[in-house]
Amino acid sequence: MTQLRRIEGDLWEIPREGRMKVPGRVYAVGPPAPDDPALEQVKNVAHLPGILRFSLAMPDIHWGYGFPIGGVAAVDADAGAISPGGVGYDINCGVRVITTGLDAEELRPRLHPVAAQLYRDIPTGVGASRAIPRLDDAELDGVLRDGARWAVRRGFAAASDDAERCEEGGRLAGADPEAVSPRARQRGADQVGTLGSGNHFVEVDRIAEIHDPRAAEAFGLEPGRVAIQIHSGSRGLGYQVCDESLAALAPRLAGYGPDYAALPDRQLACAPISSPEGRRYLGAMQAAANFAWANRQVMTGLAVRAFLHALRISERELGARLLYDVCHNVAKHEEHEIDGVPRRVLVHRKGATRAFGPGDPRVPAPYREVGQPVLIPGDMGRYSYVLAGTAKAMRDTFGSSCHGAGRLLSRGEALRRARGRSIARELADRGIEIIARGKKTLAEEMSEAYKDVARVVAVMDGAGISRLVARLEPLAVIKG
DNA sequence: ATGTCC
């Protein structure tokens, strides 16, 4: 049972107790359930060496490996610990939105050929590979070092300035390709430009509603137009980096000192950021994050080409432009003001989105006045949202927001409820063109397996952590 | 999330 105290509105505090270094703070849709195991994980994360201010949870929180998904933990950049469980298995899983000049109603009758072409050009599913020829070691080093910039340089991107509109410019500095094992490299060499499975998707959306006209204009979101959404991560390479790092860190845990030995859960395995093992994980994780950016950037090029091919239109007629690309799973060095003093911290965001506020120099110039675009995919049957970061997020959540709807049903429970039904037909009946590799994934990912993302983003908006800008509705969905 | 167990 977790003690909870209401701070205000949808914000709750888990008071510090035992060896917790900081209290927990939970943004929740409705009152949190005291027996939710994810809240126990929020408490566990509060034991992390060097953690600052709060162990945070966003309204899409659910149980994950060690850290909850929807968790945010900032640690001191020098004295703190880095934890693979605080990033997750899919390093730099993230999402991007590409706006187009197409009118949704004009596109609707031609959706099938567009979806079919997207499905042909972007490999999907668990072992998906060969979107582009297998990369040799030198090319893979380029991917691991330069992320989205590698894809732009190699001509795979849709536009030459795409990387500038990714969080961190589509590249984490400090990436260490040498820290990525031969096995991880082997897995990644032919997976650049592939979607994967699970909740990953490519979606064709209609910009359905504008909540904030000024921000929407700055973001280039026009009602009735078509947008493309891509959600994917670092595929087998990132998984392998996480797996090997956990195996390397776990047995050493007690050796790093009493705070490490006393951690309440083995799955919180971590190392001092300054230790050789900590630095090695950090360098490998940054390289895997760059892989994910290259992956989404290559898929962007493939998606744009699929549109041109299927509709037989010119690049100019399509008018594709990357709005923004955000990480959902990452640990990043950032500067944040703590007790009025700027301080270098390492922010773990696991199922959480950076949401920097207006005026921040780290937000691309065209968006700086309104705040960073915060991209929140929902589920494949309902809608997704674009929000903007706020000054309050900078003060209260290390500039972080939610990342999606959050699961309501376990995968097993979703499969049970889908038995005897055709999820594809149900979507088709609602006017959504769906192409999926497997029926099983489709069932696991059906709408009713997820919370209503509208309620999740309403909590963030109501708490002033991010502002609603626009709602997107799916026209066509490609799933692994 | 993941060559969903080297």
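Per chain, residue numbering runs from 1 following the sequence as it is written. A letter from A marks each chain and a number from 1 marks each ligand, given out in the order of writing. Side-chain atom pairs in this predicted model are given and counted only at pLDDT of 80 or more, local residue features only at pLDDT of at least 70, and totals for whole chains, interfaces and linings cover all residues. Side-chain metrics in this entry use all non-hydrogen atoms of the structure; hydrogen atoms and water are not considered.

Engineer: Please explain the overall build of chain A as it appears in this structure.
Structural biologist: Per the convention used, a helix needs a DSSP run of H or I reaching at least four residues, while a strand needs a run of E reaching at least two, with both numbered from the N terminus. Counting its regular elements, chain A contains 16 helices and 19 strands. For chain A, whose C-alpha radius of gyration is 21 Å, the value lies close to the compact-globule estimate of 23 Å for 480 residues. When its C-alpha atoms are laid out on the principal axes, chain A stretches across 65 × 50 × 50 Å. When accessible area is computed with a 1.4 Å probe and restricted to protein chains, residues below 20% of their type maximum are described as buried, those above 50% as exposed, and intermediate ones as partly exposed. Per-residue burial over chain A gives 62% buried out of 480 residues. Long-range contacts, defined here as pairs at least 24 residues apart, represent 78% of the contacts in chain A between residues at least 6 apart. Treating the 63 positive side-chain charges of chain A as one cloud and the 60 negative ones as another, the clouds have centres 3 Å apart. To get the radius of gyration, use the C-alpha atoms; to get the globule rule, take the number of residues to the power 0.38 and multiply by 2.2 Å. Contact criterion: two residues are considered in contact whenever any of their non-hydrogen atoms come within 4.5 Å of each other. Just so you know, the count uses Lys and Arg for positive and Asp and Glu for negative, and it drops His and the chain ends. Charge positions come from single atoms, namely NZ of Lys, CZ of Arg, CG of Asp or CD of Glu.

Engineer: Help me understand the pattern of salt bridges, please; the structure alone is not making it clear to me.
Structural biologist: Pairing is possible between side chains of opposite charge, provided their charged atoms come close. Any carboxyl oxygen of Asp or Glu within 4 Å of a side-chain nitrogen of Lys or Arg constitutes a salt bridge here. All chains considered together, the criterion is met by 40 salt bridges. Note that glutamate 13 and arginine 5 form a salt bridge whose closest N and O atoms lie 3.1 Å from each other. Residue arginine 5 is classed as partly exposed on the basis of its relative accessible area of 43%.

Engineer: Can you walk me through the environment of threonine 99 in this structure?
Structural biologist: Within the secondary structure layout, threonine 99 lies in strand E7 (residues 94–103). The exposure class of threonine 99 is buried, given its relative accessible area of 6%. Note: C-alpha distance between threonine 99 and tyrosine 256 (157 residues apart in sequence) is 48 Å. Contacts of threonine 99, omitting those with residues within four sequence positions, involve Phe219, Gly220, Leu221, Val226, Ala227, Gly319, Ala320, Arg321 and Leu323.

Engineer: Hey, could you run me through the packing of aromatic side chains in this one?
Structural biologist: For any two aromatic rings, the description comes down to two numbers: the centre-to-centre distance and the angle of the planes. Between 30 and 60 degrees the pair is tilted, below 30 it is stacked and above 60 it is edge-to-face, where a pair is any two Phe, Tyr or Trp rings, Trp via its six-membered ring, whose centres lie within 6.5 Å. Tallied over the entire structure, the rule returns seven aromatic pairs. For the pair tyrosine 89 and tyrosine 239, a centre-to-centre distance of 4.9 Å together with 40 degrees between the ring planes defines the contact as tilted. Of this pair, tyrosine 89 sits in the loop between strand E6 (81–82) and E7 while tyrosine 239 is found in helix H8 (residues 235–249), placing the two residues 150 residues apart along the sequence. The partly exposed category is assigned to tyrosine 89, whose relative accessible area is 26%.

Engineer: Looking at this model, I keep getting lost on the protein's contact with DNA strand B. Mind explaining?
Structural biologist: Each residue is tested against the molecule or strand, and it is near if at least one of its non-hydrogen atoms lies within 4 Å. The environment of DNA strand B is made up of 16 residues, and the closest members are Arg187, Ser197, Gly198, Asn199 and Arg235. Sugar plus phosphate, as a fraction of atoms of DNA strand B within 4 Å of the protein: 57%. Glutamine 191 is positioned such that a nitrogen or oxygen atom in its side chain is 3.4 Å from a phosphate oxygen of DNA strand B. Where the surface near DNA strand B is concerned, the elements lending two or more residues are helix H6 (182–188) and H8. Residues are grouped as follows: Ala, Val, Leu, Ile, Met, Phe, Trp, Tyr, Cys and Pro are nonpolar; Asp, Glu, Lys and Arg are charged; every other residue, Gly included, is polar. Residues of the surface near DNA strand B, tallied by class, amount to three nonpolar, seven polar and six charged. By the criterion applied in these results, polar contacts are pairs of N or O atoms within 3.5 Å in which, for protein atoms, one can donate a hydrogen and the other can accept it, and in which residues neighboring in sequence qualify only through two side-chain atoms.

Engineer: So what exactly am I meant to see when it comes to the environment of histidine 403 here?
Structural biologist: For histidine 403, the position within the fold is in the loop between strand E17 (400–401) and helix H13 (411–418). Residue histidine 403 is classed as buried on the basis of its relative accessible area of 13%. Distance in space between the C-alpha atoms of histidine 403 and histidine 328 is 6.3 Å, their sequence separation being 75 residues. Reaching out from histidine 403, the side chain makes a polar contact with the side chain of aspartate 60 at a distance of 2.5 Å.

Engineer: Help me understand the nonpolar core, please; the structure alone is not making it clear to me.
Structural biologist: Soluble globular proteins tend to bury their nonpolar side chains together. Of all hydrophobic cores here, the largest spans 101 residues; its most connected members are Leu118, Trp150, Val204, Val241, Met285 and Phe307. Those residues within four positions of leucine 118 in sequence are excluded, and the remaining contacts are Val202, Val204, Ala303, Ala306, Phe307 and Ile478. The next biggest cluster of nonpolar side chains, apart from the first, holds 45 residues, and it includes Ala74, Ile338, Tyr385 and Val453. Only buried Ala, Val, Leu, Ile, Met, Phe, Trp, Tyr and Cys residues count toward a nonpolar core, and they belong to the same one when joined by side-chain atoms within 4.5 Å.

Engineer: Sorry, what's going on with the packing of helix H3 (residues 111–121) against helix H10 (residues 276–311) here?
Structural biologist: To characterise two packed helices, one gives the angle between the axes of the helices and the distance between these axes. Every axis corresponds to a line fitted to the C-alpha atoms, with the helix fit spanning only the stretch in contact, and the corresponding angles, defined between N-to-C directions, vary from 0 to 180 degrees. For the pair H3 and H10, the least separation of the axes is 8 Å and the interaxial angle reads 140 degrees. The pairing of H3 with H10 is recorded here as oblique in orientation. Between H3 and H10 lies a crossing of right-handed hand. Residues Pro113, Val114, Gln117, Leu118 and Asp121 of H3 form the contact with H10, whose participating residues are Leu302, Ala303, Arg305, Ala306, Phe307, His309, Ala310 and Leu311. Each angle receives one of four descriptions, namely roughly parallel if under 35 degrees, roughly antiparallel if over 145, roughly perpendicular if within 65 to 115, and oblique otherwise. Should the near helix be turned anticlockwise from the far one by less than a right angle, the crossing is left-handed, and should it be turned clockwise, the crossing is right-handed.

Engineer: Is there a simple way to think about H8 in this case?
Structural biologist: The periodicity of an α-helix, 3.6 residues per turn, causes residues three or four places apart in sequence to face the same way. Given a rise of 1.5 Å per residue, 15 residues ought to cover 21 Å, and the 22 Å separating the end C-alpha atoms of H8 matches this to within 8%. Looking at H8, one finds that the buried residues are Arg235, Gly236, Leu237, Gly238, Gln240, Val241, Cys242, Ser245, Leu246 and Leu249. At its buried positions, H8 is contacted by E6, helix H4 (137–146), H6, strand E9 (225–232), strand E10 (271–272) and H10. Expected helix span is taken as 1.5 Å per residue step, with the number of steps being one fewer than the number of residues.

Engineer: How do you make sense of unusual backbone geometry when you look at a structure like this?
Structural biologist: One can expect most non-glycine residues to show negative phi and most peptide bonds to be in trans. With a phi close to 50 degrees, asparagine 92 is a non-glycine residue in the positive phi region. Tracing the backbone shows asparagine 92 in the loop between E6 and E7. Non-glycine residue arginine 130 carries a positive phi angle of around 60 degrees. Its place among the elements puts arginine 130 in the loop between H3 and H4. What makes arginine 130 exposed here is its relative accessible area of 61%.

Engineer: For this particular structure, what's the right way to read the sheet that holds strand E1 (residues 5–8)?
Structural biologist: Each strand in a sheet pairs with another by means of backbone hydrogen bonds, the pair being arranged parallel or else antiparallel. Ordered in space as E1-E2-E3-E4-E5-E13-E12, the seven strands form an open sheet in which the pairing is mixed. Whereas interior strands pair on both sides, the edge strands pair on one side only; in this sheet they are E1 and strand E12 (329–338). This sheet shows a mean twist of 25 degrees between the axes of neighbouring strands, independent of strand direction. DSSP-based pairing: two strands are paired if at least 2 bridges between them are found. Across ten bridges, E12 lies against strand E13 (residues 341–350) in antiparallel orientation. Bridging across to E13, isoleucine 338 finds its partner in valine 341. Its contacts with the sheet put H10 on E12 and E13, and the angle it makes with E12 is roughly 110 degrees.

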